[in-house]
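Next come the chains, spelled out residue by residue.
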Amino acid sequence: MAGNYRFAMDQKDILRTLITTVGSFSQDRLINKDQRIQHKEQCAERLAAEDGSSDKDMEVRYSDQAVLANLDWGIEALEEAINTSNMETKHARLDHAEKMLQVCAMLTCDQKTAGVPNSYLSAWAHLNLSYLWKLRNNVHNSVLHVLEMFIVDPFFSRIDFAPELWKQLFLPHMNSIVGWYSEARHRLMMEVIPDSSDLSFTADLDQFFNESLVFSMRPDQLEKLKKLEQIYGESLDENTRLFAKYYKDCINSDSTATKKLMAPMLPIAEPPMTPLHEVSRSIPDYVKFGPILPKSAGFSPVFKSKHGKKEGNNRISATSSANSHDTDESAAWDPQDGIAEENEDVYDYEPKDASIDSEDKSNDDQSSKGVKMTKDKEIEPTMQPKKLVIRTRSPSIYSPVDSPKTSSSKNSSPKPDMNSKKEAKSILRLLSCRVTEASDPASPCRSHDRSISSEDTDGEVVEMHKSCRKNRGRNRSMSYDNVNIQALENSPRNETDEGSNSCVSLALSEKLTPQSRAPKDFVCPITGQIFNDPVTLETGQTYELKAIKEWLNRGNTTCPITRKPLSSGALPKTNYVLKRLITSWKEQHPDLAQELSYSETPRNSFGSPSGKEIVLVSPSTRASNFSKGVTDDYVSQRGKRFTRPVVATSPTSVISQAAVETIINGLKPFVSCLCTSNSLQECEAAVLAIARLWKDSKGDVAVHSYLSKPTIVNGFVEILSASLDREVLRTSIYILSELIFIDESVGETLTSVDSDFDCLAALLKNGLAEAAVLIYQLKPVFAQISSHDLVPSLVQIILHKNEESGELLSVMEPKDAALGMLEQILMAGDETSRSYNALTVISAKGIPSLVKGLDRVEARRPIISILLCCMRIDKSCRSLIANGIEISYVLELFHAGNDSIRGICVDFLFELVQLNRRTLGNQILQTIRTEGAFSTMHTFLVYLQMAPMEHQPAIATLLLQLDLLVEPQKMSIYREEAIEALIEGLRQKDFPNQQMIVLDALQSLPGRFTSSGESCIEAWLLKVAGFDQPYNALMKADWSQKHDKDLIERMEEEEKAACSWEKRVAFVLCNHEKGSVFKALEECFKSNSLKMAKSCLVIATWLTYMLSTLPDTGVREAARESLLDEFINVLQSSKNLEEKMLAALALKTFINDPAALEELGKYAKCIYKTLRKLKRNSAVATDILKALMNLPSVNATELWSCTEVLELDSSTNGEVLCMLHLKGCLISSHSDGTIKVWDARKRGLRLDQEVHEHMKAVTCLYVPSSGDRLYSGSLDKTIRVWALKPEEIHCIQVHDVKEAVHELTANSKFACFISQGNGVKVYNWAGIPKHVNFNKHVKCLAMTGDKVFCGCSGYNIQELDLCSSTLSTFHSGTRKLLGKQTVNSLNINDDLLYTGGSAVDGTAGKVFSRSSKAVMGSFSTGLDIQRIAVNNDFIFTATKCGVIEVWLRERISRVGSVKMGSKGHVKITCLVSDMDGGMLYAGSSDGKIQAWTLD
């Protein structure tokens, strides 16, 4: 590309050059792992520098963290893809990396993320996407991403990301610009450099351009130089972007045509002014293509000028060496102030407040060259005082959900936090608390709480905010996040508190003189304090013993200042010579030594005794966790409250020592009265007086120390127990609260005696709200609080507005203290106590007030925790909360909090959306999705990727539901990540609790809930299977109001919404990665936990059932392969009826799939018996049996078996002529006129009743379809009507029909019977008989409705309509020459008519359709059929010789036979089976009843 570029190149040549150059560049980067790591660390340090140099101590929004996290994860995934040799893993990691990097690549370039320009992040993402497409062998896309990188951010692309590529592709086009810059810079330098007339144009000016030269420049020359650098850089950026777009147009133009096309017109890089010299062949070394930016310099110098914001002075790059790329040795200069910004490696070690006294000796030689000038200028009176920022770490503050492992109840001073050298990996993720820590592990001062850092990269030094205290106004609001330092720095200051808790007590406007501070050799460079125990290392540097010990203990092996390695880990002995010199100096300057010791001692405004924060003791230290609902990693509270630095008693303090002594002397008589007087009135007056004096002391340490004596504290407690004056009680609590606030050890006096706590609890229960504050400060354990039943009182404090306490401002609001304690109570204790306390809050109607209180930022965390606990205990309060809550408050808490707070918010939202009204649930989800100024879904996605394992199911479920609010798209990263997280959770075999959490989350997805908030998905599935008792029981409360027409319409609308939602959820779950959820559920089925197996069965059944309602996308096969065996195993082995029915419902889905049905047929023999038993409860089992019986591969003979269970001898009553099975009873009639009622509910028969009202043999029994009457016919010419009662019958009517009755059917209007002769007799119950004669002998009858079917001789079947008394032929038999052909038995079941009689041509009976009269099948047997019995599964036919043949009802094929056990050949007189097909009974002519169980 460096050739004759001014002429249009052939398009193919351009493409070939681009592909070759970029491909070579990408290939080199992919091969060189060290280069990639170094580049990532360089970019990460630039991000970290921007974070540390921010001029605002503001918190990074969580959405900004999300973007940075995506970039980090994308680069990590790309690195894993590069390093793996497994192609499947490589493709998976590349896909994941592309998803993550695209998030940053699509950022809006004119905005910022966490203070970092989006253009930088986008360009970095495009660079990595270029590597990604190179790995995929798609060089075309790789080139496009590289060009997009140069378009998005040309500046950092040419100095950070791909400088060598820029030189190849773009620099040859910039010769005119470089020539102009060289000429302009040369002219400017010629004006400054002495004796420069003999220098040539190409002379290397860097050897003359040093620090002293900059200081010798006039202001107008500096301004010209700054302007030149700015214009030059902008010109390079503008033309780089121009040519990148040109190359991109070349690639995107049509290159597939056969005709040779020319690329778009080549642009020309025009300089701002026409140069006299154009550099065409070589570029002088001193020509820079951008400002010299150290890799840790951040972005301010570039983007302030780029966007036209002059917040500080633009950096003018200059170096002291000819090598322009040696960024580590470069110095950044402020041309107006003339102050050199020290290199990061040197500046970090400066212990002084505003000077450079701790430099290495090697730097002393350079002091005359400019570094010394920095000192001189800093102490000039005319020098404008700069701002110094003190970066402090807040003390660990924890709340009821804080981990005691990471917190301390006493934080008198924060501990240094140094990064170990072991931490070699650069981390991109920015923390939400923008507290600057050392990115360089070798920097001791950065790890110290008073480390000084520049405000920005322009070299401007920032003013250190003095620690301050408000005179009496104290921030009384509670906050439960991390300490917000910016709030402290912006708080009102007391103008007389210059020396209080400041790292630099010297007035910054004063002139610093050698007499105003200790010699630099007497001060430790690490601690910044005068040596107490100095030791000198082998490098010649001296440090405080404790400081250097800690430095070495952190893993460092070098000298902190010189960076030289230390050969020995052992420390030398104390430098006694230096120690004696220091002692001598202190004796000579006692006042100065005392003042400097005070002012130079690092103090933290939070670390002083009065700077502590009230901390509620974590219940996790004394009680069990919140039913595993809240993690042990607890949240720290924001230090916005209780931050009040102590008033020091130094000479600059407001209160002099004399004034303090005056106050203490004034207190003594009142304290004496309080402790010794027997007059309650005097003591009460003393309390009020003490409060006034305490207020006047402004919390002085000496006054506090005096009042903190145990005897005085006990005096206040006695007042609390004796006084009835509410003002005195409030004042006593105020004083005690103030004392404990400053020093927590004062509280030990109160907690040492149980009666003291009992007194405070009694005051609280009597309505003294301020007592809650003092109890809160004492950090009582759960057992103490629970023993006093304080929950109702705490709820009342929350419900009612606090009374005004006058001028006494409590350290916190009673309502805030009540919230804190209530949270502790609800989160501690066992399940029973939590349930009781939560129900107490609900019954006291505390939910609406809690929801309303979310408008206060500081109260949101405890309120959300309390509401979450209430929802878990009583799920019915979800609707109450959902109807009143402002979702934005929860989302704001989520974005502002740390991981533990986010976990609580996620659990809260997860519970909240589980509503029985689908429409309301969707409204809540829509609010969550759209609320806020940033993408909630994207934030949830990032949190899902970094959340603890136990929080992932809830956030994944939420994310999936948010994505499903719209019609499912083909591709959604939110949906894919959410489902993948759920499936991954199911695969965690080593974490069964996690699997259960995921299963519970999946059960919530269908959205089937009762009004009480309980999940009813299992009951709903059972209802679908035909077993609706559980569902009806759950929904009884909802249906009790169904008389309301509007409610019915609303419920119908909700059901439609629920069905639509269910289909969406099931569709995306089933179709994710070709049904991978089924494989994960298969693994869960194998768990030893019965609870897990049951939950897994419910989810698997629901998904499988939903497959039958969804379009077939090819995943049914995956479901069959994974779950078919599991469902069959449940059907076989489970003893629970509901589990069997769920499995049967799932199996029914497979019968519509031929392949699945064939596979199911292999298990037919195993499940046949179970399915037959389930038929009595569900029609689903019937459908499965029908499908199985129709399979050619299923051998019906193998499916049937029977076992004889009993044989009863009733021969004393003669033959058994007829039997009926009805509702667990067997009724038999005998030839001696006896009717017996047997209990047949068990396998045996137990005689319940025996009646003998007929005079002769009872030939027939009949029960109509209504089942309310029993009719019996006898040879005594009567028909009796019996009332059916449990375990007995009672005769209510006797009808004399004048003829013997041989066969009988009846209904409520007529009785039809067979007597002597042809035809049948019809008898109405009014007593009028009617003979219907059709010249055929009738052998048997069967009735359905008003139709009677008559089996006649000649194998003829007549149909008689009782209403119209008309007769028609249903079937005409074939007359044979030999033998009699007679229909011996008829049986009607459903729409089928079963007939049996004489065997003709190998057929002894037929099956007809009653509606069409068509023959549906025949009984192929050579034996005459005497009796027929039919149940739901089988047909039984009895022959003359005592053999009973068994036929499969579905196929009408013979499957087996049984024989009565009587000796010889007996005639089977009657045959009956229960409809469920469990038992078969037969009666014989020898008076015996035999029974078989059918398996």
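Residues numbered from 1 in each chain as written. Predicted model: local features only at pLDDT ≥ 70, side-chain atom pairs only at ≥ 80, totals over all residues. Heavy atoms only, no water.

Participant: Can you help me understand the packing of helix α41 (residues 992–1004) against helix α47 (residues 1090–1107) in this one?
Facilitator: Two measures define how a pair of helices packs: the angle their axes make with one another and the distance between the axes. For the pair α41 and α47, the least separation of the axes is 10 Å and the interaxial angle reads 30 degrees. The angle between the axes of α41 and α47 places the two elements in the roughly parallel class. Here the hand of the crossing between α41 and α47 comes out left-handed. Taking contact as the criterion, the partners of Pro 992, Gln 995, Met 996, Leu 999, Asp 1000, Leu 1002 and Gln 1003 in α41 are, on α47, Lys 1091, Met 1092, Ser 1095, Cys 1096, Val 1098 and Ile 1099. Grouping the constituent residues of the contact of α41 with α47 by class yields eight nonpolar, three polar and two charged. (Axes fitted to C-alpha atoms, helices over the stretch in contact; angles between N-to-C directions. Helix = DSSP H or I, 4+ residues; strand = E, 2+ residues; numbered from the N terminus. Parallel < 35°, antiparallel > 145°, perpendicular 65-115°, else oblique. Left-handed = near helix turned anticlockwise from the far one by under 90°. Contact = heavy atoms within 4.5 Å. Nonpolar A, V, L, I, M, F, W, Y, C, P; charged D, E, K, R; others polar.)

Participant: I'm lost on the packing of aromatic side chains in this one. Help?
Facilitator: Ring pairs (aromatic) are described by centroid distance and by the angle formed between their planes. Counting across every chain of the model gives 20 aromatic pairs. Arranged with centres 6.3 Å apart and planes meeting at 70 degrees, the rings of Tyr 120 and Trp 124 form a pair that is edge-to-face. With Tyr 120 and Trp 124 both in helix α5 (residues 118–135), this residue pair falls four residues apart, about one helical turn. Trp 124 matches Tyr 120 in its accessibility class, with the two residues each being buried. Taking the centre distance of 5.7 Å and the plane angle of 80 degrees together, the rings of Phe 1370 and Phe 1408 count as edge-to-face. Within this pair, whereas Phe 1370 is found in strand β26 (residues 1366–1371), its partner Phe 1408 is found in strand β29 (residues 1403–1409), the two being separated by 38 residues in sequence. According to the relative accessible area criterion, Phe 1370 is buried, its value standing at 6%. Of note, Arg 136 hangs over the ring of Trp 133, and the distance from its end group to the ring centre comes to 4.8 Å. (Phe/Tyr/Trp six-rings, centres within 6.5 Å; stacked < 30°, edge-to-face > 60°. Buried < 20%, exposed > 50% of the residue type's maximum accessible area, 1.4 Å probe, protein only. Lys NZ or Arg CZ within 6 Å of the ring centre and 35° of its normal.)

Participant: Would you mind showing me how to read the packing of helix α46 (residues 1076–1085) against helix α48 (residues 1116–1133) here?
Facilitator: Contact geometry of α46 with α48 gives a least axis separation of 8 Å together with a crossing angle of 25 degrees. Relative to α48, α46 is oriented roughly parallel. Viewed along their axes, α46 and α48 form a crossing whose handedness is left-handed. Residues Phe 1078, Lys 1079, Leu 1081, Glu 1082 and Phe 1085 of α46 form the contact with α48, whose participating residues are Ala 1118, Ala 1119, Ser 1122, Leu 1123, Glu 1126, Phe 1127 and Val 1130. Across the contact of α46 with α48, the residue classes break down as eight nonpolar, one polar and three charged.

Participant: Teacher, can you tell me more about unusual backbone geometry here?
Facilitator: With glycine set apart, most residues show a phi of negative sign, and most peptide bonds adopt trans. Not every positive phi belongs to a glycine, and Lys 845 is a case in point at roughly 60 degrees. Tracing the backbone through its elements, the reader meets Lys 845 in the loop between α31 (831–843) and α32 (847–852). What makes Lys 845 exposed here is its relative accessible area of 63%.

Participant: I would appreciate a short explanation of the environment of Thr 1421 in the present structure.
Facilitator: Turning to its location among the elements, Thr 1421 is positioned in the loop between β30 (1415–1420) and β31 (1427–1430). Put simply, Thr 1421 and Asp 1401 are 20 residues apart on the chain and 9.0 Å apart in space, counted from C-alpha to C-alpha. Dropping the residues within four chain positions of it, Thr 1421 is found in contact with Ala 1399, Gly 1402, Thr 1403, Ala 1404, Glu 1445 and Trp 1447. One polar contact links Thr 1421 to Glu 1445, side chain to side chain, over a distance of 3.1 Å. (Polar contact = N/O pair within 3.5 Å; in protein donor to acceptor, adjacent residues only side chain to side chain.)

Participant: What am I meant to see in the sheet that holds strand β16 (residues 1269–1274) here?
Facilitator: Backbone hydrogen bonds hold the strands of a sheet together, and the pairing may be parallel or antiparallel. Read from one edge of the open sheet, four strands run β15-β16-β17-β18, paired in antiparallel fashion. Strands at the two margins of the open sheet, each flanked by one partner only, are β15 (1258–1262) and β18 (1288–1296). Looking at each pair of strands side by side, their axes are set apart by 25 degrees on average, direction ignored. With four bridges connecting them, β15 and β16 associate as antiparallel partners. Each residue of the ladder has a partner; that of Tyr 1262, found in β16, is Tyr 1271. (Pairing = 2+ DSSP bridges.)

Participant: Any chance you could explain the sheet that holds strand β22 (residues 1329–1332) here in plain terms?
Facilitator: With antiparallel pairing, the four strands of this open sheet are ordered in space as β19-β20-β21-β22. Since the sheet does not close on itself, it has two edges, and those belong to β19 (1303–1306) and β22, each with one partner. Adjacent strand axes in the sheet meet at a mean angle of 20 degrees when their direction is disregarded.

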